[in-house]
Structure formats: C-alpha cells, structure tokens
Amino acid sequence: MPPALKVDAVTLFPGMIDAPLSESIVGRARQEGFLELGFSNPRDFTEDRHRTVDDRPYGGGTGMLMMAEPVYRALKAVRKKGSTVILLTPKGRRFDQRTALELAKKKHLIFICGHYEGIDERVTPLADLELSIGDYVLTGGEPAAVAVIDAVTRLIPGVLKRSDATVNETFTDGLLEAPHYTRPAVWRGKKVPPELVSGNHKLIAEWRRRQAESLTGDTRPDLAPAPKKARSAAKKK
Ligand code: ADE
C-alpha cells in the first residue's frame, strides 16, 4: 500500500529532520507506512569540485545565501505532478492548525528548507506556499519543517489510535484547550476540580467550555470568538 502521505525535504541537513521525526508518534507513523519521508540534498546536485551550495549576496550584506541552481535541481528530482511545494521562511504566511488540516489532505508535500541567510529569491516562485512557524528567526527551515510535518502527520487518519483525539483539541474550534488532570485526585495538597470527578458529563462539558473560553480570553485574546452580542451586531451590518 502506498503511504497516506509522502513528504520530501530539500535540505542541506537531512539529519536535522530525520532524527526528531524518528521518535514517538511520527516515528511509528513512518514505520507503519502512514508517512514516507525522503530527502533531496542540494549538495548532491552540484558540479564543482567543492560542491558549492552557497555564495555572497549581491549588493553586499552579512552571511551567505543558498544558490538557486542546486536547490532547483534537488527540487526537480523529487517533484511530480500534484506535489505541493512549501518554502519555509520567516517571511511566509503563519502556519496554523487550519493549514495543517489543509496539508493533511495532500498526497505529496515537498519542503524547501533555507539555511544560512536564506535562498536566492529567484527560487521563491517554485513554491506553491511560503510558511513561517512564528515571528522569530531559526538557523534554517529544518526545525520549522519538523514542526509542520509533525502537526500534519498526527492528522492522518489512523496515526493517532483514538480517532476522536483531534476533535476537541486546542485550536480545532478556535479555543485553547481546558486543563487536564490525571491521578492522584489530590497531589501535594492540590485537588482536581470537583466537576471533573463528578461523573456528570454535561457538567464536565460545561466546565471545560468555560475554562477554554476564559483561558483563551486571558492568554490569547486574538483567538477568542467575539461575544455573542457583538457577533450578531457585526452580522447585521
Ligand atoms: N526559517 C528561519 N526561521 C523560520 C521561521 N520562523 N519559520 C519558517 N522558516 C524559518
């Protein structure tokens, strides 16, 4: 059976992606054939004696840039009709759960990972999508690719053993998740909220919803849905 998702990474440092994605749930998803992960290294597509992949930027400036041609060739070696090509860059659209859900429907994703100061801009049009994992600068696109591949892989049906595990989670309904507790019921004097041990499912669901709303309002007001009144007023306009 072909894997549910094939991912190729165009990277100078395959180990930065392969190692973290060999552990835990994603590692098991690879072993069980849900995810097939491959690599295409621009250095293998150079023709000079030094296998050069980077050069100084035109116009001056600090640092080195990845050259267009080795990246282009490494991409061409793995790209097929129907592949979705994603360039990881702090200048990209912010990656979120909605994008993870979109990407989980695809059959083949290719991640282009910049390193050093980035990649020659002429490579950018080869990508269908530019993604950033947040407003900070990493040493390269590799850790960002790991984050995106991880978030997408766990959404492949069958990867998480409980099929409902992704339904009520943080971000899926636009809210942060309510806090969770496990045994013991009292730990170092701290008790589990009584609603959770009540056995009353309606009460538990209401408690979780209230907690999720107040947590989201406090720490991520940008995510919190507008209060009902404001929403209906906005609709009327
Ligand atoms: N490369 C360097 N920083 C990055 C970021 N924040 N997101 C995606 N790719 C990156």
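Not measured: the values here are computed from a predicted model. (Residues numbered from 1 in each chain as written. Predicted model: local features only at pLDDT ≥ 70, side-chain atom pairs only at ≥ 80, totals over all residues. Heavy atoms only, no water.)

A few words on the domain arrangement of the protein chain. In terms of domains, the protein chain is made up of domain 1 (5–153) and domain 2 (186–236). For domain 1 versus domain 2, the separation of C-alpha centres amounts to 38 Å. (Domains from an automatic or database assignment.)

Another point: the pattern of salt bridges. Throughout the structure, instances matching the rule amount to 16 salt bridges. A salt bridge links arginine 51 to aspartate 44; the shortest N-O distance between them is 2.8 Å. With a relative accessible area of 37%, arginine 51 lands in the partly exposed category. Taking the shortest distance from any N to any O, the salt bridge between arginine 98 and glutamate 102 comes out at 3.5 Å. (Salt bridge = Lys/Arg side-chain N within 4 Å of Asp/Glu carboxyl O. Buried < 20%, exposed > 50% of the residue type's maximum accessible area, 1.4 Å probe, protein only.)

Next up on the list: the site of the ligand. Taken together, 13 residues form the shell around the ligand, and within it Thr89, Ile133, Gly134, Tyr136 and Leu138 come nearest. Glycine 134 is positioned with one of its backbone polar atoms (N or O) 3.1 Å from a nitrogen atom of the ligand. Tyrosine 136 is positioned such that a nitrogen or oxygen atom in its backbone is 2.8 Å from a nitrogen atom of the ligand. Against a free-state accessible area of 260 Å², the protein chains account for coverage of 96% of the ligand. Elements with a contribution of two residues or more to the shell around the ligand: strand E5 (84–94) and strand E7 (129–132). With 3 residues, E5 is the single largest residue contributor to the shell around the ligand. (Near = heavy atom within 4 Å. Polar contact = N/O pair within 3.5 Å; in protein donor to acceptor, adjacent residues only side chain to side chain. Areas by Shrake-Rupley, 256 points an atom, 1.4 Å probe, with all protein chains shown as cover. Helix = DSSP H or I, 4+ residues; strand = E, 2+ residues; numbered from the N terminus.)

In this section: the side chain of threonine 46. Within the fold, threonine 46 resides in the loop between strand E2 (35–40) and strand E3 (54–55). Among the residues examined, threonine 46 registers a relative accessible area of 16% and is labelled buried. Within polar-contact distance, the side chain of threonine 46 engages the backbone oxygen of arginine 43 at 2.8 Å. Beyond its immediate chain neighbours, meaning those up to four positions away, threonine 46 contacts Arg51, Thr52, Val53 and Pro70. (Contact = heavy atoms within 4.5 Å.)

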